[in-house]
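An overview of the molecular structure
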Amino acid sequence: MLEAQIKQTLRDVTDFPKPGIIFKDITPVLQNPQLCTEITKALAEQVKDLHIDAVAGIESRGFLFGLALAQALQVPFVPIRKVGKLPYKTVQQSYDLEYGSATLEVHEDAFKAGQNVLIHDDLLATGGTVVAASKLVELLGAKVAGYSFLISLDFLNGRERLKAFCPQVFSLARF
């Protein structure tokens, strides 16, 4: 089963990025090309019935499978980045996360009004980052069609926060 293989391959890093946090490191997953291919296929299969016009990947680990997922779905990929990383005119959204605060931004022409956007990231924890990305999508007149994650930490209830934007929340490995 793919979920079991993902869980066995992940590496837990304790006290990163601060004491008390157990970081789910996907680096060992990325070192397995066959597993990455299976993950991309499974992510695409989960969302195949949604009408998706674009995949938005959240910096930086959301880029890794987000681009591959967009290619599998034959739709554009849009990077949502940390502040100051995009070269063109942007819109921004600040948010709080488990270990501080941050700001995300996206190019102001990233989405067309009415587009259905799938937001992808490697991991869903409390949902703060993904809520900020959702607000950026809506700020540009697009709609969140769903969410895609490699991993979700369900005990942190991030999934509940996302349902205010869209109830379609998918993950391959749940903790």
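Here the structure is a predicted model, which is why all the values come from computation and not from measurement.

Together, Phe 155, Leu 156 and Phe 175 make up a nonpolar patch on the protein surface, roughly 280 Å² of accessible area in all. Checked against the element boundaries, Phe 175 lands in the segment after strand E9 (169–174).

Core analysis: the largest hydrophobic core is formed by 27 residues, its most contacted members being Ile 6, Ile 39, Leu 150 and Leu 172. Element by element, the count of residues in this core is highest for helix H3 (residues 33–47), at seven residues. With sequence-adjacent residues up to four places away left out, Leu 172 is seen in contact with Leu 2, Glu 3, Ile 6, Ile 39, Ala 42, Leu 43, Gln 46, Phe 149 and Leu 150. Val 78, Ile 119, Ala 132 and Val 169 belong to the second largest nonpolar core, which has 26 residues in total.

The next subject is unusual backbone geometry. For the peptide bond that leads from Phe 16 to Pro 17, omega is 5°, which places it in the cis range. Mapped onto the elements of the fold, Pro 17 is located in the loop between strand E1 (11–14) and strand E2 (22–25). Cis geometry marks the peptide bond from Glu 59 to Ser 60; its omega dihedral reads -10°. Note that Ser 60 resides in the loop between strand E3 (54–58) and helix H4 (61–73). The phi dihedral of Asn 157 is positive, around 65°, even though this residue is not glycine.

Analysis parameters
Residues numbered from 1 in each chain as written. Predicted model: local features only at pLDDT ≥ 70, side-chain atom pairs only at ≥ 80, totals over all residues. Heavy atoms only, no water. Patch = residues over 30% accessible without salt bridge, like charges linked within 9 Å, V, L, I, M, F, W, Y side chains within 5 Å. Areas by Shrake-Rupley, 256 points an atom, 1.4 Å probe, with all protein chains shown as cover. Salt bridge = Lys/Arg side-chain N within 4 Å of Asp/Glu carboxyl O. Helix = DSSP H or I, 4+ residues; strand = E, 2+ residues; numbered from the N terminus. Core = buried A, V, L, I, M, F, W, Y, C linked by side-chain atoms within 4.5 Å. Buried < 20%, exposed > 50% of the residue type's maximum accessible area, 1.4 Å probe, protein only. Contact = heavy atoms within 4.5 Å.

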